[in-house]
Amino acid sequence: MKPDLFQAPDYYNLDDLLTDEHKLVRDSTRAWVKKEVSPIIEDFAQRAEFPKQIIKGLGEIGGFGPYIPEEYGGAGLDQISYGLIMQEIERGDSGVRSTSSVQSSLVMYPIWKYGNEEQRMKYLPKLATGEFMGCFGLTEPNHGSDPGSMITNFKDMGDYYLLNGAKMWISNAPFADIAVVWAKNEEGRIHGLIVERGMEGFTTPETHNKWSLRASSTGELIFDNVKIPKENLLPNKSGLGAPLGCLDSARYGIAWGAIGAAMDCYDTALRYAKERIQFDKPIAGTQLQQKKLAEMITEITKAQLLTWRLGVLRNQGRATTAQISMAKRNNVDMAIHIAREARQMLGGMGITGEYSIMRHMMNLESVITYEGTHDIHLLITGMDITGIPAFK
């Protein structure tokens, strides 16, 4: 088992822009990842298994709903702290960050923002500690980038709602205790419903044979005449804007998380290039390898500045959906290119589990697709600057 020697790059002294609390949150998360995630993650990724033993630790470091108010079990942190936590967790593994992101932004966030006080008190404290784990049901087998066309639906049966349909590519689904599910009522209006494990007709088959996010648990949500208590409907927001508001929070976290994956690939490649001797000198002393490393640190630095500014705007309540889209698309694209370049720098060793790069590269192939594909985010930016939608 190799020691985790990661050293975070900070080429533009961005630490000067962070508060002492920001740095404390980041450094404690980084230390936890080095101790609890790095030593085991390659083995779990090879076995395509999620390391459930880290759930309690994720709760303890604030990995579940860090910006949720303390009265509901959260840490009451700001948006930059949330981003830094996501950065450090994804430095360990994108799949682990997915578990944290889903719990925070796609389960706790909608219950906090769209739920009532009874729902908040019932679910949020247990979600914050990891006693309850949750998942988010929006994507369907035939409706991904166009979630408004979903067919999952519920009918008012008087004493309860009757839910039918299916969701696909759902992180945490196989072990989740609750699911925040988006479905259409009889008038075609989208609402959020809290579905609990154990409800008759609700099943969560696991998705196997993934080449990406192998240390994350992915599955489906199947609803076959599931009776949902009426008190499980999220009352304070409906329409497609409700789930999209959750996605804003999740995409913001991904923008930070992707930097973590890129940092790890860069740091690994830099260290390897200094140690690998070819033609009587370290390959770090060759022009082509220096070009790769210089471009990597430049792109990481630009992404750091982008997300820091976005975090400031989020703290002020001024960040737009389009701004978040830009950061998600740019940073994941940046990370996947750095992973590919870093893999080449390590030559044959780059494809082995002895180094993290190939795992990051495979994971990022999912990250660049979920929460809005690379191309969809380009179209969101395009619509924002021209005022003309071009989605169809």
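Definitions and limits used
- Residues numbered from 1 in each chain as written.
- Predicted model: local features only at pLDDT ≥ 70, side-chain atom pairs only at ≥ 80, totals over all residues.
- Heavy atoms only, no water.
- Helix = DSSP H or I, 4+ residues; strand = E, 2+ residues; numbered from the N terminus.
- Polar contact = N/O pair within 3.5 Å; in protein donor to acceptor, adjacent residues only side chain to side chain.
- Contact = heavy atoms within 4.5 Å.
- Patch = residues over 30% accessible without salt bridge, like charges linked within 9 Å, V, L, I, M, F, W, Y side chains within 5 Å.
- Areas by Shrake-Rupley, 256 points an atom, 1.4 Å probe, with all protein chains shown as cover.
- Salt bridge = Lys/Arg side-chain N within 4 Å of Asp/Glu carboxyl O.
- Axes fitted to C-alpha atoms, helices over the stretch in contact; angles between N-to-C directions.
- Parallel < 35°, antiparallel > 145°, perpendicular 65-115°, else oblique.
- Left-handed = near helix turned anticlockwise from the far one by under 90°.
- UniProt positions renumbered as here; feature names shortened; annotations may be inferred.
- 1 Å grid on protein atoms, 1.4 Å probe; cavity = no way out; pocket = protein on both sides within 12 Å on 5 of 7 lines; lining within 4 Å.
- Points joined across faces, edges and corners; volume = space filled by probe spheres on them.
- Buried < 20%, exposed > 50% of the residue type's maximum accessible area, 1.4 Å probe, protein only.
- Core = buried A, V, L, I, M, F, W, Y, C linked by side-chain atoms within 4.5 Å.
- Pairing = 2+ DSSP bridges.
- Expected span 1.5 Å × (residues − 1).

Now for the side chain of threonine 152. Mapped onto the secondary structure, threonine 152 falls in the loop between strand 1 (134-137) and strand 2 (153-156). Within the local environment of threonine 152, its side chain forms a polar contact with the side chain of glutamate 140, the two groups lying 2.7 Å apart. In this structure threonine 152 touches Glu140, Leu163, Asn164, Gly165, Ala166, Lys167, Trp182, Ala183, Lys184 and Phe223, once residues within four positions along its chain are discounted.

Let us now look at a nonpolar patch on the surface. A grouping of Tyr11, Tyr12, Leu17 and Leu305 is seen on the molecular surface, where their side chains present a nonpolar patch of about 450 Å² in accessible area. Residue placement: leucine 305 occurs in helix 7 (residues 287-315).

Our focus in this paragraph is the packing of helix 3 (residues 79-92) against helix 6 (residues 241-275). At a closest axis distance of 7 Å, the pairing of helix 3 and helix 6 adopts a crossing angle of 45°. In terms of their interaxial angle, helix 3 and helix 6 are classed as oblique. Classified by chirality, the crossing of helix 6 by helix 3 is right-handed. Note on element contacts: helix 6 touches helix 3 through Ser249, Tyr252, Gly253, Trp256, Gly257, Ala258, Ile259, Gly260, Ala261, Met263 and Asp264, opposite Gln79, Ile80, Tyr82, Gly83, Leu84, Met86, Gln87, Glu90 and Arg91.

Moving on: the UniProt feature "domain: Acyl-CoA dehydrogenase/oxidase N-terminal" (unreviewed entry) in the chain. Residues annotated by UniProt as "domain: Acyl-CoA dehydrogenase/oxidase N-terminal" (unreviewed entry) correspond here to residues 19-131. In residues 19-131, helix accounts for 73% and strand for 0%; the two terminal C-alpha atoms are 31 Å from one another.

For the rest of this paragraph, the subject is the layout of surface pockets. Empty space among the atoms becomes visible once a probe the size of a water molecule is rolled across them. The volume enclosed by the largest pocket comes to roughly 1,100 Å³. Together, 40 residues line the largest pocket, and Thr139, Thr369, Tyr370, Glu371 and Gly372 are the ones closest to its centre. Secondary structure elements with two or more residues in the lining of the largest pocket: helix 4 (94-114), strand 3 (160-171), helix 6 and helix 10 (374-386). For the lining of the largest pocket, the element with the highest residue contribution is helix 6, accounting for 7 residues. Reported here for the second largest pocket is a volume of approximately 540 Å³.

For the rest of this paragraph, the subject is the environment of threonine 139. In this structure, threonine 139 sits in the loop between strand 1 and strand 2. For threonine 139, a relative accessible area of 27% translates into the label partly exposed. When the C-alpha positions of threonine 139 and arginine 271 are compared, they lie 40 Å apart, and in sequence the two are 132 residues distant. Those residues in contact with threonine 139, other than ones at most four positions away along the chain, are Gly144, Lys167, Met168, Trp169 and Ile170.

What follows covers the UniProt feature "domain: Acyl-CoA dehydrogenase/oxidase C-terminal" (unreviewed entry) in the chain. According to UniProt, the "domain: Acyl-CoA dehydrogenase/oxidase C-terminal" (unreviewed entry) feature falls on residues 238-383. Between the C-alpha atoms that bound residues 238-383 there is a distance of 24 Å. The span itself is 75% helix and 3% strand.

With 58 residues, the main nonpolar core has Leu58, Ile111, Leu127 and Trp182 as its most contacted residues. Residues contacting leucine 58, with those up to four places away along its chain left out, are Trp32, Gly63, Phe64, Ile89 and Val96. Ala258, Ile259, Ile297 and Ile338 belong to the second largest nonpolar core, which has 36 residues in total.

In the sheet, strand 3 pairs with strand 7 (residues 218-229) via 9 bridges, with the strands oriented antiparallel. Within strand 7, the position partnered with tyrosine 161 by the bridge is isoleucine 228. Sheet analysis places strand 6 (residues 202-203) next to strand 7, joined by 2 bridges and oriented antiparallel. Following the sheet pairing, threonine 203 is matched in strand 7 by isoleucine 222.

With that out of the way, let us pick up helix 3. Compared with the 20 Å implied by 1.5 Å per residue over 14 residues, the 20 Å span of helix 3 between its first and last C-alpha is a close match. Burial analysis of helix 3 places 14 of its 14 residues in the buried class, the great majority of the element. The N-cap of helix 3, judged by a side-chain oxygen 3.4 Å from the amide nitrogen of isoleucine 80 a few residues on, is aspartate 78.

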